[in-house]
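Residue strings, one per chain:
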Amino acid sequence: LLLGVVDARFACSTHKLEPGDKVLLYTDGVDHAQFEGEAPGMDSLLACARRHRGLPVQEFVARLARDLFSGGSVPDDLTLLALERV
């Protein structure tokens, strides 16, 4: 769903972040991501994020983009935004 375009309800929850925890926001371009034989999309994203979770946040995002799309072209709507609690 496009935020702000359609009247929709989204779940709301609260999570406490500990130092070193990251939050990753992404667009649907990740649906085409492929990582090490995992199914395209969420399975590949989670496997890649687990692999690189110990990296500093800037390098984490760069590695995700590189590793998820190393076998082909990056979709024109790909956005990755990560936040890290320090």
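Residues numbered from 1 in each chain as written. Predicted model: local features only at pLDDT ≥ 70, side-chain atom pairs only at ≥ 80, totals over all residues. Heavy atoms only, no water.

## A word on the overall build of the protein chain
The helix and strand inventory of the protein chain stands at two helices and two strands. Per-residue burial over the protein chain gives 24% buried out of 86 residues. Look at the contacts in the protein chain between residues 6 or more apart in sequence, and 56% of them connect residues 24 or more apart. Of the accessible surface of the protein chain, which amounts to about 6400 Å², a share of 54% is contributed by carbon and sulfur atoms. (Helix = DSSP H or I, 4+ residues; strand = E, 2+ residues; numbered from the N terminus. Buried < 20%, exposed > 50% of the residue type's maximum accessible area, 1.4 Å probe, protein only. Contact = heavy atoms within 4.5 Å. Areas by Shrake-Rupley, 256 points an atom, 1.4 Å probe, with all protein chains shown as cover.)

## Digging into unusual backbone geometry
Look at Glu36: it is not a glycine, yet its phi comes out positive at around 45 degrees. The exposure class of Glu36 is exposed, given its relative accessible area of 53%.

## Some words on the nonpolar core
Of all hydrophobic cores here, the largest spans 15 residues; its most connected members are Phe60, Leu64 and Leu68. Elements with a minimum of two residues in this core: α1 (42-52), α2 (57-68) and β2 (80-84). Excluding its chain neighbours within four sequence positions, the residues that come into contact with Leu64 are Leu24, Cys48, Ala49 and Leu80. (Core = buried A, V, L, I, M, F, W, Y, C linked by side-chain atoms within 4.5 Å.)

## Digging into the packing of α1 against α2
Following both chains from N to C, one finds α1 and α2 inclined at 135 degrees, their axes separated by 10 Å at the closest point. Classified by the interaxial angle, the pair formed by α1 and α2 is oblique. Our pair here, α1 against α2, has a crossing hand that is right-handed. Touching Ser44, Leu45, Cys48, Ala49 and His52 of α1 are Phe60, Arg63, Leu64, Asp67 and Leu68, all from α2. Residues of the contact of α1 with α2, tallied by class, amount to six nonpolar, two polar and two charged. (Axes fitted to C-alpha atoms, helices over the stretch in contact; angles between N-to-C directions. Parallel < 35°, antiparallel > 145°, perpendicular 65-115°, else oblique. Left-handed = near helix turned anticlockwise from the far one by under 90°. Nonpolar A, V, L, I, M, F, W, Y, C, P; charged D, E, K, R; others polar.)

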